[in-house]
Amino acid sequence: MRLLNSEISYEVAKLGHTDHICIGDAGLPIPAGVKRIDLALERNIPTFMGTLDVILDEMQVEEAIIASEMKELSPKLYTELLDLLNKKCQGIKIEEIPHSQLKKTSRESKAVIRTGECTPYANIILKSGVAF
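Residues numbered from 1 in each chain as written. Predicted model: local features only at pLDDT ≥ 70, side-chain atom pairs only at ≥ 80, totals over all residues. Heavy atoms only, no water.

## Digging into the pattern of salt bridges
All told, the structure shown has ten salt bridges when counted by the stated rule. Taking the shortest distance from any N to any O, the salt bridge between D38 and R114 comes out at 2.9 Å. Of this pair, D38 sits in strand β2 (residues 35–38) while R114 is found in strand β5 (residues 111–114), placing the two residues 76 residues apart along the sequence. Residues D53 and K88 are paired through a salt bridge, measuring 2.5 Å at the closest nitrogen-oxygen approach. Separated by 35 residues along the polypeptide, D53 in helix α2 (residues 48–58) and K88 in helix α4 (residues 75–88) bring together distant segments of the chain. Bridged by salt links that share partners, the residues R2, D53, D57 and K88 form one connected network. (Salt bridge = Lys/Arg side-chain N within 4 Å of Asp/Glu carboxyl O. Helix = DSSP H or I, 4+ residues; strand = E, 2+ residues; numbered from the N terminus.)

Here's what the structure looks like:
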């Protein structure tokens, strides 16, 4: 067990099929009414990728949603993200949507986890799958 944060662990444990959580950078607006789990300590601590890596070990993920702008504006992060998702969640659907739509979709998340990441478009919505 890698995940030590009790709030995140609790939210992951409560997820049903197709429920989702969002992991965001330091600047992602968190919608009113959505649980906010703020991990940000300082610039880039914790990182988006480090946080995602730990959560992927605890969560059954069926689909990931990212901003389409990431590919062009943060290409290194985009490549690292796809590599991590393919390694840990083989065969999941990865949907790319405009950042404005990702922010709207985050309103339906059970929780938004704010990291200290300052790389543009370092945000992801993870849809829960089932383990059977």
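## Some thoughts on the sheet that holds strand β1 (residues 20–24)
Within the open sheet, the six strands sit side by side as β2-β5-β1-β6-β3-β4. Their pairing is mixed. Two strands close off the open sheet at either side, each with one partner strand: β2 and β4 (93–97). Strand after strand, the sheet turns through a mean of 20° between neighbouring axes, direction not considered. Two elements, β1 and β5, share four bridges in a ladder whose sense is parallel. Looking at β5, one finds that C22 is bridged to V112. Strands in contact with helix α1 (residues 6–14) are β1, β2 and β5; relative to β2, the strand with the most contacts, it is inclined by about 140°. (Pairing = 2+ DSSP bridges. Axes fitted to C-alpha atoms, helices over the stretch in contact; angles between N-to-C directions. Contact = heavy atoms within 4.5 Å.)

## Topic: the pairing of strand β6 (residues 124–128)
Regular strands place their side chains on alternate faces of the sheet. Burial analysis of β6 places four of its five residues in the buried class, the great majority of the element. The pairing of β1 with β6 spans four bridges and is antiparallel. Counted as the bridge partner of C22 is I125 from β6. (Buried < 20%, exposed > 50% of the residue type's maximum accessible area, 1.4 Å probe, protein only.)

## Examining the nonpolar core
In globular proteins that are soluble, nonpolar side chains generally tend to be buried together. If you look at the biggest cluster of nonpolar residues, it comprises 32 residues, and the most contacted ones within it are I21, F48, L52, L81, I124 and L126. If you list the elements that add at least two residues to this core, you get α1, β1, α2, β3 (61–67), α4, β5 and β6. With residues near it in sequence (within four places) discarded, F48 still touches I23, L77, L81, T115, E117, A122, N123 and I124. If you look at the next biggest cluster of nonpolar residues, it comprises nine residues, including V34, I65, I97 and I125. (Core = buried A, V, L, I, M, F, W, Y, C linked by side-chain atoms within 4.5 Å.)

## Digging into the environment of T79
Turning to its location among the elements, T79 is positioned in helix α4. Sequence separation between T79 and V112 is 33 residues; the distance between their C-alpha atoms is 23 Å.

The values are spatial; any link to function lies outside them.
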